[in-house]
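Fold and contact review
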Amino acid sequence: MSAPVLPLNSRGKLASSLPAEQLAEISQLFEFRRTGYSLDAPFYTDPTIFKIDMEAIFGQHWIFAGSVAELPEPGDYITVDYGPYSLIVLRNDDGGVNVLHNVCRHRGARVLTEAAGSTGNLVCGYHSWTYSAEGNLIHASAPGEAKFDKNCFALKRAHSREVAGLIFVCIADEPPTDFDETSKIFEPYLAPHDLSKTKIAYQQNIIEEGNWKLVMENNRECYHCDGHPELACSLFPTWGLTEGLIPAHLEEVWDRNKEAQSSLEERCRRYGLPYEVVEELDTRIAGIRISRESLDGEGESFSADGRRLSKKLLGDLPDFRLGRCSMHLQPNSWFHFLGDHVITFGVFPINEHQSLVRTTWLVADDAVEGVDYDLEKLTYTWKQTNLQDKAFVELCQQGAGSPAYEPGPYMKSEYQVEAFINWYVQRVQEHLA
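Residues numbered from 1 in each chain as written. Predicted model: local features only at pLDDT ≥ 70, side-chain atom pairs only at ≥ 80, totals over all residues. Heavy atoms only, no water.

Brief notes about the pairing of strand E14 (residues 324-329)
Where a strand is regular, its side chains alternate between the two sheet faces. Taking burial as the measure, the six residues of E14 include six buried ones, the bulk of the element. Here E14 shows no split at all, with Arg324, Ser326 and His328 on one side and Cys325, Met327 and Leu329 on the other all buried. Pairing analysis gives six bridges linking strand E13 (residues 288-293) to E14, with the strands arranged antiparallel. Pairing of Arg289 across the sheet is with His328, part of E14. (Buried < 20%, exposed > 50% of the residue type's maximum accessible area, 1.4 Å probe, protein only. Helix = DSSP H or I, 4+ residues; strand = E, 2+ residues; numbered from the N terminus. Pairing = 2+ DSSP bridges.)

Looking at the pairing of strand E15 (residues 333-337)
Of all five residues that make up E15, five are buried, and the element is covered over most of its length. With burial as the criterion, each face of E15 is covered, one bearing Ser333, Phe335 and Phe337 and the other bearing Trp334 and His336. Two elements, E14 and E15, share five bridges in a ladder whose sense is antiparallel. Following the sheet pairing, Cys325 is matched in E15 by Phe337. Turn length for the E14-E15 hairpin, with the two strands adjacent in sequence and antiparallel, is three residues.

Quick look at the environment of Arg256
Tracing the chain through its elements places Arg256 in helix H7 (residues 251-271). For the pair Arg256 and Phe236, spaced 20 residues apart in sequence, the C-alpha separation works out to 8.9 Å. Residues in contact with Arg256, not counting those within four places in the same chain, are Phe236 and Asp296. (Contact = heavy atoms within 4.5 Å.)

Points about unusual backbone geometry
Most peptide bonds take the trans configuration, and most residues that are not glycine carry a negative phi. Of the consecutive residues Gln330 and Pro331, the connecting peptide bond is found in the cis state with omega at 5°. Turning to its location among the elements, Pro331 is positioned in the loop between E14 and E15. Phi is positive for Ser128, which is not a glycine, with a value near 65°. Mapped onto the fold, Ser128 is located in the loop between strand E6 (122-123) and strand E7 (130-131). For Ser128, a relative accessible area of 36% gives the class partly exposed.

Topic: a negative patch on the surface
A surface patch of negative charge is lined by Glu251, Glu252, Asp255 and Glu259. Within the fold, Glu251 resides in helix H7. (Patch = residues over 30% accessible without salt bridge, like charges linked within 9 Å, V, L, I, M, F, W, Y side chains within 5 Å. Areas by Shrake-Rupley, 256 points an atom, 1.4 Å probe, with all protein chains shown as cover. Salt bridge = Lys/Arg side-chain N within 4 Å of Asp/Glu carboxyl O. Lys, Arg positive; Asp, Glu negative; His and termini not counted. Charge placed at Lys NZ, Arg CZ, Asp CG, Glu CD.)

With respect to helix H5 (residues 179-190)
Look at H5: 16 Å from first C-alpha to last across twelve residues, which is about the 16 Å you get at 1.5 Å a residue. Taken residue by residue, H5 has Phe179, Thr182, Ser183, Ile185, Phe186, Tyr189 and Leu190 as its buried positions. Buried residues of H5, seen end-on, are gathered within an arc of 160° and therefore sit on one face of the element. Tucked into the core, H5 has its buried residues touching strand E9 (157-163), strand E10 (166-170), strand E12 (278-280), E13, E14 and E15. (Expected span 1.5 Å × (residues − 1). Arc of directions from axis to C-beta.)

Some details on the side chain of Ser67
Turning to its location among the elements, Ser67 is positioned in strand E1 (residues 63-67). Look at Ser67 and you get buried, because its relative accessible area is 1%.

Side note on the sheet that holds E12
Ordered by their spatial adjacency, seven strands build an open sheet running E11-E17-E16-E15-E14-E13-E12, and the pairing between neighbours is antiparallel. With one partner strand each, in any of the chains shown, strand E11 (198-208) and E12 form the two edges of the open sheet. In this sheet, adjacent strand axes meet at a mean angle of 15° when their direction is disregarded. Across five bridges, E15 lies against strand E16 (residues 342-351) in antiparallel orientation. Looking at E16, one finds that His336 is bridged to Ile343. (Axes fitted to C-alpha atoms, helices over the stretch in contact; angles between N-to-C directions.)

Thoughts on the pattern of salt bridges
Tallying each qualifying case throughout the model produces 22 salt bridges. Its salt-bridge partner being Glu418, residue Arg33 comes within 2.6 Å of it at the nearest N-O pair. With a gap of 385 residues between them, Arg33 in the loop between helix H2 (20-31) and helix H3 (42-45) and Glu418 in helix H9 (residues 415-432) connect regions that are remote in the sequence. The same class applies to Arg33 as to Glu418, namely buried. In this structure, Glu300 and Arg308 form a salt bridge, with 3.0 Å as the shortest nitrogen-oxygen distance.

Remember, this is a structural readout, not a statement about activity or role.
If you want it as structure tokens, here you go:
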């Protein structure tokens, strides 16, 4: 397929501006996508499809942006960039979150250039146009040179949701409404960990030389988990497998996993914590999978022996031996909620062949580094795992760029990859219709 780089028009409707022949060719790729097989190469390499992804997925759906631990005080902000978009996510004086497009209404300069910080008013560094935390233009230098109504030049706003301490943004005019129903599913699982009483222990940004869908596909299966020796110390490598699919070398691990899961569920029932699997990855618009699952060893955390990595329990949790509450949300995030810490993962596409993966470790806000946790030990397993995943994704991106590439079949344990792709294809087709 030819891959011309077409700019979004002023209304952001790339699909409607494509030549009919090219749009038909792209639509056919989606229509004839082979179920149970990986996508054709252009989905990972074509800049026009990437622009459609930005319009149909990241321009229409709820995106995980960060957590309340990143915005503890009024004026605290993070900037979130993906594709052509840059957003300011800012804690306001009322305790809510304002989401503003990071584009000055004068000449379009980035207003805030740091990844995070704290500010009162928002001042563009180019010509000092100054905005309130609500995005209202309150000052433009050299008054009198031009007559205009400042009320017409506020920063453009987007939508936000804060649920169980997680912050989501949506730049669509009318966000999908079923996110509220999805929130009702995951909020009871996450609330006992109380993210409002956590702080950032460490945040890691990795740029992977891979399309964002390859990053997500890699996360949605454990078929490759033999390549994660550090993670395999605590995460049962039988994740995603069922009776009848267990290879001989994992039979002992499978039995240990079942016993650990049974003990975990008994503790959850005793403490009134939800643990059941809810899996609606491609059967609702705000696709989700959530469950509480056992860890190997002591069953407390992502360490070599499964023991806790922070001495401080989160929230009102009664026990460290709570395994991990694992959540997958479409399209760009996954999470591990443990008794002693939380890890959030967000994927932010840069272009058709690069993605930013942001990993954030959260601990109790009164935990003291060096006393209650060792930062190197806390982050070791997932730092190593992230680097290994980065290499896997980049191998696939290189393969997708080869003329010899053709889609291959997913294994049964890769059913979540199929669900992610099915969700993606449905959403784009709805947008192109």
